[in-house]
Amino acid sequence: MALRKIFRALFTPSEEAPACSRNASLYFLRCIFLMGMRKPPARFFIAYCLWSFALNLSSTVYQPIGFLTGYFSHLSEFSPGEFLTSLQVAVNAWSCSAKVIIVWALVKHFDEANKVLDEMDKRLTQPSERLQVHRAVTWSNRIFFFFMTVYMVYATSTLITAILIGKPPYQIYYPYLDWRSSSWQLGLQTGLEYFGMIGSCFQDASVDCYPVNFIIVLRAHMSIFADRLRQLGKDPDESHEQRYEKLVQCIQDHKTILRFVDCLRPVISGTIFVQFLVVGLVLGFTLINIVMFANLGSAIAALFFMTAVLLETTPFCILCNYLTDDCYKLADALFQSNWIDCEQRYKKTLMYFLQKLQQPIIFMAMNAFPISVGTNITVTKFSFSVFTLVKQMNIAEKLSKEDKLN
């Protein structure tokens, strides 16, 4: 019961409760606030600014720089497994920083999208429609918590492994700090790295899950909209004018859906494009590490990391394919309505509307390629190319021999 009171959006309310589609992104937007991307509250202005500065300095700004500096200064001290563990996270950290900057620059688009969702909610009149939205909101928030759990488990598992082997998880470079010289400096470096990684995982989970949060509730509204289209013209007591007004209202509903998509399009385009650029490379490094170098603890951490990387694109790409199918279902629903016996004006408007419905909603990654399962498979397959290249060139064996010599 206590959990239900604290996290109300994780549980489905009754069908009598008013629909609130914006709750699908409730916890995401709270995390955005905790990431320091919102206007500071007047009451905690200084505290909020200091927290935002500390988190973003350690995770968004310095962590990518620290990884790169650490390679230049202490590359010879890395074992092959340690280097790959660090490198796979470093590449993902660079992409995470880029995605956080994109979301920070376009954060107002989320507020605009939620305002459009409020307009959609006003069209929900039946209890079954409200219940459908309630369920979508519930699943959206549960998926967000699942994302966050996987990312945080990865960060914590690397910390536990580091404590057991007596080395920092990623050996990031920090000025005036040499973890090899004393145990307290080792503890301080490990703590700093864990704080930075926890912050990065917190940011990464948020900026990776938001497309899923918004599209799940959009699909619920599109399913309701399809039923609304299917019922057009089937009320025998309606006049021709009333039928035409309902058709025009449905056209307005479709414009509202497209407006919602347009609000999200710039943010999704940027963040998914960045992730597509690195996902194959990151998975390739992770596979090499698991198969050739990792011990049991490192392998478990790497598997959680691989799961987190796959979560960054795969669920949303699947939803994009479903969204395309939903668009075609809208056209089918309109065609299945009772339009044959309607007046000529109604038929002409319906034909024009039908052509619009047959144009699917497609998200593009920076206008370079469509966001879909096919594209996701293509970029993921690059990881096997990286793995095959390393294996054929015997790079792993050479690194192992050099490590033994050292």
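Above this note sits the structure.
This one's a predicted model, so the numbers in the text were calculated from it and none came from an experiment. (Residues numbered from 1 in each chain as written. Predicted model: local features only at pLDDT ≥ 70, side-chain atom pairs only at ≥ 80, totals over all residues. Heavy atoms only, no water.)

Enquirer: Describe the side chain of Asn-376, naming the residues involved and giving the relevant values.
Expert: You can see Asn-376 is positioned in helix α12 (residues 373–392). Beyond its immediate sequence surroundings of up to four residues, Asn-376 is in contact with Phe-276, Thr-313, Thr-314 and Cys-317. (Helix = DSSP H or I, 4+ residues; strand = E, 2+ residues; numbered from the N terminus. Contact = heavy atoms within 4.5 Å.)

Enquirer: Kindly report on the nonpolar core, identifying the contributing residues and their values.
Expert: Counting residues in hydrophobic clusters, the biggest one holds 110 residues, and the most contacted among them are Phe-110, Leu-229, Phe-260, Phe-363 and Ile-371. Ignoring any residue separated from it by four or fewer positions in sequence, one finds Phe-110 in contact with Phe-28, Leu-29, Val-103, Tyr-210, Phe-214, Leu-264 and Val-267. (Core = buried A, V, L, I, M, F, W, Y, C linked by side-chain atoms within 4.5 Å. Buried < 20%, exposed > 50% of the residue type's maximum accessible area, 1.4 Å probe, protein only.)

Enquirer: I'd like to hear about unusual backbone geometry, residue by residue, with values.
Expert: Despite not being glycine, Met-366 has its phi angle at roughly 55°, a positive value. Topologically, Met-366 is positioned in the loop between β1 (364–365) and β2 (369–370). The partly exposed category is assigned to Met-366, whose relative accessible area is 48%. Even without being glycine, Asn-367 reaches a positive phi, approximately 60°. When you line up the elements, Asn-367 lands in the loop between β1 and β2.

Enquirer: Explain the pattern of salt bridges to me, using residue names and the numbers behind them.
Expert: The tally for this structure, following the rule as stated, stands at 15 salt bridges. Across the salt bridge formed by Lys-99 and Asp-208, the nearest N and O atoms sit 2.8 Å from each other. A residue pair is termed long-range when its members are at least 10 positions apart, and Lys-99 in helix α4 (residues 80–105) and Asp-208 in helix α7 (residues 183–230) qualify at 109 residues. Classification of Asp-208 as buried rests on a relative accessible area of 4%. Among the ionic pairs, Glu-119 bridges to Arg-259, the shortest N-O distance being 2.8 Å. Taken together, the residues span a long stretch of sequence, with Glu-119 in helix α5 (residues 108–121) and Arg-259 in helix α8 (residues 240–293) at a distance of 140 residues. (Salt bridge = Lys/Arg side-chain N within 4 Å of Asp/Glu carboxyl O.)

Enquirer: Got a sec to walk through the environment of Ile-340? Specific residues and values, please.
Expert: With respect to the helices and strands, Ile-340 occurs in the loop between α10 (314–335) and α11 (344–357). What makes Ile-340 exposed here is its relative accessible area of 56%. As for Ile-340 and Cys-31, which are separated by 309 residues in sequence, their C-alpha atoms are 51 Å apart.

Enquirer: Which residues make up empty space enclosed by the protein, and what are the values?
Expert: Taken as a whole and assessed by the stated rule, the structure comprises two cavities of 30 Å³ or more. Size it by volume and the largest cavity reaches roughly 130 Å³. Around the largest cavity sit 15 residues that line it, and Asn-92, Met-197, Cys-201, Asp-204 and Phe-305 are the ones nearest its centre. Secondary structure elements with two or more residues in the lining of the largest cavity: α4, α6 (127–165), α7 and α9 (296–311). Taken together, the residues of the lining of the largest cavity break down into ten nonpolar, three polar and two charged. Taken as a whole, the second largest cavity holds about 30 Å³ of empty space. Lining of the second largest cavity is provided by Lys-99, Val-207, Asp-208, Pro-211, Thr-271, Ile-272, Gln-275 and Glu-312. Secondary-structure elements contributing two or more residues to the lining of the second largest cavity are α7 and α8. Split into classes, the residues belonging to the lining of the second largest cavity amount to three nonpolar, two polar and three charged. (1 Å grid on protein atoms, 1.4 Å probe; cavity = no way out; pocket = protein on both sides within 12 Å on 5 of 7 lines; lining within 4 Å. Points joined across faces, edges and corners; volume = space filled by probe spheres on them. Nonpolar A, V, L, I, M, F, W, Y, C, P; charged D, E, K, R; others polar.)

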